[in-house]
Amino acid sequence: MPKSARITAKPMGEQVADILRQWIVNGHLSGGSHIRQEEIAKELGVSRLLVREALVILESEGLVNRETYKGTVVTEVSLEGVNETCALRVLLETYLLEHAIPRITEQDLDGLNEIIAKSNHCNSEDEWAKLNLEFHLALYAPANLSLTLQTLEQVLRRADRYSRIQQELSSALRQSSNKQHLEIVNQIRADNPHGAIEALKRHIEWNSNEISGELFKSYQRDEA
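Residues numbered from 1 in each chain as written. Predicted model: local features only at pLDDT ≥ 70, side-chain atom pairs only at ≥ 80, totals over all residues. Heavy atoms only, no water.

### Quick word on empty space enclosed by the protein
Part 1 of the reasoning: Enumeration according to the criterion identifies two cavities of 30 Å³ or more in this entry.
Part 2 of the reasoning: One number sums up the size of the largest cavity: a volume of about 70 Å³.
Part 3 of the reasoning: Taken together, Val 82, Thr 85, Cys 86, Arg 89, Ala 159, Tyr 162, Ile 204, Asn 207, Ser 208 and Ile 211 form the lining of the largest cavity.
Part 4 of the reasoning: Breaking the lining of the largest cavity down by element, the ones donating at least two residues are helix 4 (79-100), helix 7 (146-163) and helix 9 (193-223).
Part 5 of the reasoning: Taken together, the residues of the lining of the largest cavity sort by class into six nonpolar, three polar and one charged. (1 Å grid on protein atoms, 1.4 Å probe; cavity = no way out; pocket = protein on both sides within 12 Å on 5 of 7 lines; lining within 4 Å. Points joined across faces, edges and corners; volume = space filled by probe spheres on them. Helix = DSSP H or I, 4+ residues; strand = E, 2+ residues; numbered from the N terminus. Nonpolar A, V, L, I, M, F, W, Y, C, P; charged D, E, K, R; others polar.)

### Some words on helix 1 (residues 12-25)
Part 1 of the reasoning: Its 14 residues give helix 1 an end-to-end C-alpha distance of 20 Å, which sits within 8% of 20 Å, the value for a rise of 1.5 Å per residue.
Part 2 of the reasoning: Inspection of helix 1 places Gly 13, Gln 15, Val 16, Ala 17, Ile 19, Leu 20, Arg 21, Trp 23, Ile 24 and Val 25 among the buried residues, and these make up the whole buried set.
Part 3 of the reasoning: Two residues or fewer past helix 1, Gly 27 is found with a positive phi of approximately 85 degrees. (Expected span 1.5 Å × (residues − 1). Buried < 20%, exposed > 50% of the residue type's maximum accessible area, 1.4 Å probe, protein only.)

### A word on the nonpolar core
Part 1 of the reasoning: In terms of nonpolar packing, the biggest core is built from 33 residues, with Leu 97, Phe 135, Leu 139, Tyr 140, Leu 152, Ile 184 and Ile 188 touching the most fellow members.
Part 2 of the reasoning: Every element with two or more residues in this core is listed here: helix 4, helix 5 (106-120), helix 6 (125-140), helix 7, helix 8 (171-189) and helix 9.
Part 3 of the reasoning: Broken down by element, this core gets its largest block of residues, seven residues, from helix 6.
Part 4 of the reasoning: Beyond its immediate sequence surroundings of up to four residues, Leu 139 is in contact with Leu 97, Ala 100, Ile 104, Leu 112, Ile 184 and Ile 188. (Core = buried A, V, L, I, M, F, W, Y, C linked by side-chain atoms within 4.5 Å. Contact = heavy atoms within 4.5 Å.)

### Things to note about unusual backbone geometry
Part 1 of the reasoning: Despite not being glycine, Asn 144 shows a phi value in the positive range, around 60 degrees.
Part 2 of the reasoning: Backbone geometry places Asp 191, a non-glycine residue, at a positive phi of 60 degrees.
Part 3 of the reasoning: Note on placement: Asp 191 falls in the loop between helix 8 and helix 9.

### As for the packing of helix 2 (residues 37-44) against helix 3 (residues 48-60)
Part 1 of the reasoning: For the pair helix 2 and helix 3, the least separation of the axes is 9 Å and the interaxial angle reads 110 degrees. Between helix 2 and helix 3, the interaxial angle falls into the category roughly perpendicular. Remark: the crossing between helix 2 and helix 3 carries right-handed chirality. Contacts between helix 2 and helix 3 involve Gln 37, Glu 38, Ile 40 and Ala 41 from the first element and Arg 48, Val 51, Arg 52 and Leu 55 from the second.
Part 2 of the reasoning: Among the residues making up the contact of helix 2 with helix 3, the classes are represented as four nonpolar, one polar and three charged. (Axes fitted to C-alpha atoms, helices over the stretch in contact; angles between N-to-C directions. Parallel < 35°, antiparallel > 145°, perpendicular 65-115°, else oblique. Left-handed = near helix turned anticlockwise from the far one by under 90°.)

### Digging into the packing of helix 1 against helix 3
Part 1 of the reasoning: At a minimum axis separation of 8 Å, helix 1 and helix 3 run at an interaxial angle of 60 degrees. In terms of orientation, helix 1 lies oblique with respect to helix 3. As for the relative orientation of helix 1 and helix 3, their crossing is right-handed in sense. For the pair helix 1 and helix 3, the contacting residues are Met 12, Gly 13, Glu 14, Val 16, Ala 17, Leu 20, Arg 21 and Ile 24 in the first and Leu 50, Val 51, Glu 53, Ala 54, Leu 55, Ile 57 and Leu 58 in the second.
Part 2 of the reasoning: The residue makeup of the contact of helix 1 with helix 3, split by class, is eleven nonpolar, one polar and three charged.

### Digging into helix 4
Part 1 of the reasoning: Between its first and last C-alpha atoms helix 4 spans 31 Å; for 22 residues at 1.5 Å apiece the expected length is 32 Å, and the two agree.
Part 2 of the reasoning: Residues of helix 4 that are buried: Gly 81, Val 82, Thr 85, Cys 86, Arg 89, Val 90, Leu 92, Glu 93, Thr 94, Leu 96, Leu 97 and Ala 100.

### Some remarks on the pairing of strand 2 (residues 71-74)
Part 1 of the reasoning: One ladder, built from four bridges, connects strand 1 (residues 64-67) with strand 2; its direction is antiparallel. Among the inter-strand pairings, Arg 66 is bridged to a residue of strand 2, identified as Thr 72.
Part 2 of the reasoning: Counting the residues between successive antiparallel strands, the hairpin from strand 1 to strand 2 contains three residues, one of them, Tyr 69, with a positive phi of roughly 70 degrees. (Pairing = 2+ DSSP bridges.)

Structure representation (structure tokens):
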């Protein structure tokens with residue numbers, strides 16, 4: 001496990017969850033691997049109770065499963081999971097965007113453009129992933145649908161893990177995603193709600209197809 005992770009001032013259970021989530025997303029804890037609570041507690045210098053609290057958070061995000069007689073296991077990445085995540089994203093995000101558009105201000109749109117600009121000049125994969133999440137959550141924030149937004153955030157955190165399959169989010173793929181984000185914003189600026197929602201659907205489906213393609217290639221390599 002990486003030795004650089006350290007606990008700082010933040011609710012401890014959430015912070016342990018942040019670290020474990022990053023390990024799962026980056027592949028340090030691979031799908032199917034067992035979570036050794038005692039080892040993690042020792043590694044991070046925290047109690048097992050805090051590790052268990054963190055695992056409850058990660059289970060709600062679909063990143064780990066508690067299995068009878070096996071303990072807690074990192075969930076496997078699968079085509080079925082990618083497709084289900086895509087379907088959930090389309091349902092939740094189009095619903096949120098439909099309710100957000102009538103309330104989005106020019107200031108909100110300027111803020112979204114700033115996030116895209118930062119993403120265009122970002123060289124770090126982890127930083128880009130944070131900005132990607134920030135863009136989507138900021139886009140829907142004006143809807144004032146906190147429960148739906150909270151549910152979506154859990155889905156997007158799972159989607160972020162899948163995105164790492166895409167050749168470590170190559171620069172070309174990141175730029176394509178940024179352009180699609182800009183198209184959504186431009187459609188809203190043009191007072192075209194239908195166009196914005198359709199652009200969002202295309203963006204989510206493009207992302208799912210890219211991930212599914214890379215996952216299929218990995219299956220082929222494993223069988224060769």
